[in-house]
Amino acid sequence: MRGRIVGTIAAGLIIAAAGLALAGHHGRRDASGCPLEGAVDPAYAGACGSCHFAYQPGLLPAASWERLLDGLGDHFGNAVDLDSGGKAALRAYLCANAADRSPGRHARKLLRGMDGRTPLRITETSWFRHKHHHVAAATFRRASVGGAGNCPACHPAAARGDYDDDAVRVPR
């Protein structure tokens, strides 16, 4: 009897420890174990992150990154001047790490509903709209938020690729 109780307690502790270990990765790893990597390429972080949040390449398909790079003369109202070598390096990095090049569950969710479209904005994806359907437009217009594309305003660990719903903090 006593051995059964000790065995049950030990099994419970093992299950609880496993649950805590998995909870530590909630929002950063999908079912395949692939994290949504942060913008780790220094050239990308420097070239793009100097003006706006350096979005993870896995948030758009490769064709979207291609379109963005081909349209840098008018990048959402601004001209971006990159030399051909820098542009080629960014293209290689972004396309190699794009959503449609990832085996992860997060990528499949993001690509669902695109139907061949190549959005230029992450906020135009059905995945983004689904995840943010409850957020009022007025919230995105707050100066403290800075727009729907300013992920770190509400997702403090966005730069690490962690968009865990439980960690969201909407500024006033």
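For the structure, check the block above.
Residues numbered from 1 in each chain as written. Predicted model: local features only at pLDDT ≥ 70, side-chain atom pairs only at ≥ 80, totals over all residues. Heavy atoms only, no water.

K.L.:
So what's going on with helix α3 (residues 62-70)? Residues and values would help.
P.N.:
Along α3, the residues that are buried comprise Ala-62, Ser-64, Trp-65, Leu-68 and Leu-69. Looking straight down α3, one finds its buried side chains confined to an arc of 160°; they lie on one side. (Buried < 20%, exposed > 50% of the residue type's maximum accessible area, 1.4 Å probe, protein only. Helix = DSSP H or I, 4+ residues; strand = E, 2+ residues; numbered from the N terminus. Arc of directions from axis to C-beta.)

K.L.:
I'd like to hear about the nonpolar core, residue by residue, with values.
P.N.:
Residues Tyr-44, Tyr-55, Leu-59, Trp-65 and Tyr-163 are the most contacted members of the largest nonpolar core, which totals 31 residues. Listed by contribution, the elements that provide at least two residues to this core are α2 (42-49), α3, α4 (84-96), α5 (105-111) and α6 (126-131). For Trp-65, the contacting residues outside a window of four places in its chain are Tyr-44, Tyr-55, Gln-56, Pro-57, Leu-60, Leu-94, Cys-95 and Ala-98. (Core = buried A, V, L, I, M, F, W, Y, C linked by side-chain atoms within 4.5 Å. Contact = heavy atoms within 4.5 Å.)

K.L.:
If you had to explain the environment of Tyr-93 to someone new, which residues and values would you point to?
P.N.:
Secondary-structure assignment places Tyr-93 in helix α4. By relative accessible area, Tyr-93 is classed as buried at 12%. Along the primary structure Tyr-93 and Trp-65 are separated by 28 residues, whereas in three dimensions their C-alpha atoms are 9.9 Å apart.

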